[in-house]
Amino acid sequence: MGVSRLDVFYRRLLLSKLFIGGWGKPEDLKRIFEFRKIIGDRDQCKTLVSQDYPVYINKTEEHSDCHIHEGYFISPLEHFVPGILPPEAVKARFQFLVPKRWQKDRPVCIHLAGTGDHFFWRRRTLMARPMIKEAGMASLILENPYYGYRKPKDQLRSCLKNVSDLFVMGGALILESTALLHWLKREGYWPLGMTGISMGGYMASLAVTNWPKPIPLIPCLSWSTASSVFTTGVLSRAVNWAQLEQQYAVNSVYEEEIIQLLQYCGADSIKMGPELVKNMDCVEHLLSLSGPGRAPVTRFSSSEADPEVLIGGVDKKSGPGDRAEHILSAVKTTGTKVESVTSNCCVNTSALEKKRDFTKCCRPSLHQESIGFMKGVMDECTHMANFSVPVDTSLIIVVQAKEDAYVPRTGVLSLQEIWPGCEVRYLKGGHISAYLFKQRVFRFCLKYPNLH
């Protein structure tokens with residue numbers, strides 16, 4: 001499978017790092033995994049969100065083509081896993097665009113946000129307003145947790161601080177989508193459908209697995225799991241592996257307890273053998289396209305003169321003691337105090353003990369272990385095979401880009417295997433080009449799904 005050079009080039013323009021806070025608190029991961037077992041089984045959670053769950057409209061604006069209602073409600077996740085959402089994200093906000101003239105019935109599509117899609121403007125302009133004009137279809141635009149008004153104060157732009165934040169976002173959106181579908185049904189709208197682009201497609205797919213009735217779904221530029229996005233896709237380059245490796249090495253609870261809670265064991269599971277290491281060759285090739293002097297994702301170059309990066313990848317030919325000495329020497333040459341670098345992962349005060357802790361952080365296999373752990377936790381909370389199959393898969397049209405470097409399909413189960421009966425349509429090009437130039441294709445699929 002070829003990859004889009006535009007995807008690789010675009011990734012080089014983005015300098016922010018993902019997951020600078022690390023994996024997230026172990027106790028939070030444990031709570032999330034336990035709740036995932038519930039929402040992963042549709043029969044267990046039919047009554048989690050009541051059919052009369054309160055949703056409020058607090059503002060309405062009249063436009064030439066539609067009425068735009070602004071509304072809110074409390075995320076149901078706050079009731080079931082209290083405190084897991086940041087305070088700013090507890091209140092879910094949405095915009096509801098209703099055409100002044102319906103063409104047939106009162107169809108509504110819920111749009112979930114892709115990466116970087118803050119507030120409502122992008123989906124309102126590129127999808128909702130054109131759909132009113134082209135098909136007389138209403139749109140409900142839900143704001144994701146961690147985005148827009150729901151973004152934590154200490155989060156930088158769209159960069160989720162912890163790996164666990166992605167799982168919290170997914171759990172919240174599953175329940176919030178259910179609350180909105182119940183509300184739309186109470187208000188007399190029909191048929192109802194869901195869509196999203198990129199991360200929004202993943203989240204819409206997860207939400208539909210939880211809905212107890214047939215519902216059209218159009219996930220665009222997403223696939224069966226998010227694990228490949230952060231381990232073998234070009235976005236893996238943005239992951240703060242140095243911080244994740246430090247936490248994984250120093251806090252034994254991730255390796256000794258959390259990993260025991262990972263249940264997914266499909267044909268592409270981390271538990272099935274060394275296939276992940278083999279798939280890393282794809283990432284090495286991808287990142288080699290980004291130009292000379294770029295360190296591959298499985299190693300970090302000391303030439304970048306970044307203490308965090310140096311901690312993440314020392315010459316594997318050196319012995320443990322040499323690696324610790326090398327790091328201390330490199331940190332010294334950068335003008336950074338050893339104490340400032342070691343404060344996050346080393347709690348002892350003597351220089352000898354600090355060197356030993358450095359050695360622990362830099363075991364040769366640590367990066368591969370961290371990648372494996374990332375795949376495991378991502379599959380646990382995002383792999384579609386870990387959730388119920390939608391009630392009617394014939395109502396699902398998946399839109400994928402043939403050369404998508406952000407969402408690799410190699411080495412993971414396909415959606416056709418997990419959801420027999422769904423349709424997959426492929427576009428030429430990669431993730432970025434499809435997003436920029438194929439919005440009309442996405443809308444076309446929304447207008448003409450098989451509604452039964």
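Cut-offs used in this document
Residues numbered from 1 in each chain as written. Predicted model: local features only at pLDDT ≥ 70, side-chain atom pairs only at ≥ 80, totals over all residues. Heavy atoms only, no water. Salt bridge = Lys/Arg side-chain N within 4 Å of Asp/Glu carboxyl O. Helix = DSSP H or I, 4+ residues; strand = E, 2+ residues; numbered from the N terminus. Buried < 20%, exposed > 50% of the residue type's maximum accessible area, 1.4 Å probe, protein only. Phe/Tyr/Trp six-rings, centres within 6.5 Å; stacked < 30°, edge-to-face > 60°. Lys NZ or Arg CZ within 6 Å of the ring centre and 35° of its normal.

Draft legend 1. Here's a closer look at the pattern of salt bridges. Counting across every chain of the model gives 12 salt bridges. Across the pair Arg-129 and Asp-65 runs a salt bridge whose closest N-O atoms are separated by 3.1 Å. Of this pair, Arg-129 sits in helix α4 (residues 121-135) while Asp-65 is found in the loop between β1 (56-62) and β2 (66-74), placing the two residues 64 residues apart along the sequence. Residue classification places Asp-65 among the partly exposed positions, given a relative accessible area of 25%. For Glu-423, the salt bridge identified is with Arg-425, shortest N-O distance 2.7 Å.

Draft legend 2. Examining the packing of aromatic side chains more closely. Taken as a whole and judged by the stated rule, the model has 14 aromatic pairs. With centroids separated by 5.5 Å and ring planes inclined at 55°, the aromatic side chains of Phe-19 and Phe-230 adopt a geometry described as tilted. Of the two residues, Phe-19 is situated in the loop between α1 (5-13) and α2 (26-39) and Phe-230 in helix α7 (residues 227-231); the sequence distance between them amounts to 211 residues. Judged on exposure class, the residue Phe-19 and its partner Phe-230 are both buried. Judged by centre distance (6.1 Å) and plane angle (20°), the ring pair of Phe-35 and Phe-80 falls under stacked. With a gap of 45 residues between them, Phe-35 in helix α2 and Phe-80 in helix α3 (residues 77-80) connect regions that are remote in the sequence. In this structure an aromatic cluster arises from ring pairing among Tyr-53, Phe-73, Phe-94, Phe-96, Trp-102, Trp-183 and Tyr-189. Lying across the ring of Tyr-189, Arg-106 places its NZ or CZ 4.1 Å from the centre.

Draft legend 3. Layout of the environment of Asn-251. With respect to the helices and strands, Asn-251 occurs in the loop between α8 (241-250) and α9 (252-256). Here Asn-251 falls in the partly exposed class, since its relative accessible area comes to 32%.

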